[in-house]
Amino acid sequence: MKYLIWFLIVVLVVLHQDYWQWNNATLDFGFLPRAISYHVGISIAAATLWLLATKYCWPDAAIEGELKEGDR
């Protein structure tokens, strides 16, 4: 799962560079520029990814407060 999380982080970093949206004047919902709505989606995806990373990749010892100084 750790490698999947890292892969998805790289995918989000690549998708964040949305140079194809710079000159798009389309409005979503009648008021929101397409580039902004795209970044809203990226932000929601990033928040979901960090939730999954915390749930599946966080060390169990850190939750229980058992990490030593060398474990960090």
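Residues numbered from 1 in each chain as written. Predicted model: local features only at pLDDT ≥ 70, side-chain atom pairs only at ≥ 80, totals over all residues. Heavy atoms only, no water.

Draft legend 1. The arrangement of a nonpolar patch on the surface in detail. There is a patch of nonpolar side chains on the surface, built from Met 1, Leu 4, Phe 7, Leu 8, Leu 52 and Tyr 56 and spanning about 560 Å² of accessible area. Counting only elements with at least two residues in the nonpolar patch, the list comes to helix H1 (2-16) and helix H2 (34-57). Considering every element that reaches the nonpolar patch, the biggest residue donor is H1, with three residues. Within the fold, Met 1 resides in the segment before H1. (Patch = residues over 30% accessible without salt bridge, like charges linked within 9 Å, V, L, I, M, F, W, Y side chains within 5 Å. Areas by Shrake-Rupley, 256 points an atom, 1.4 Å probe, with all protein chains shown as cover. Salt bridge = Lys/Arg side-chain N within 4 Å of Asp/Glu carboxyl O. Helix = DSSP H or I, 4+ residues; strand = E, 2+ residues; numbered from the N terminus.)

Draft legend 2. Quick look at the environment of His 16. Of note, His 16 is situated in helix H1. When the C-alpha atoms of His 16 and His 39 are compared, they prove to be 7.5 Å apart, with 23 residues separating the residues in sequence.

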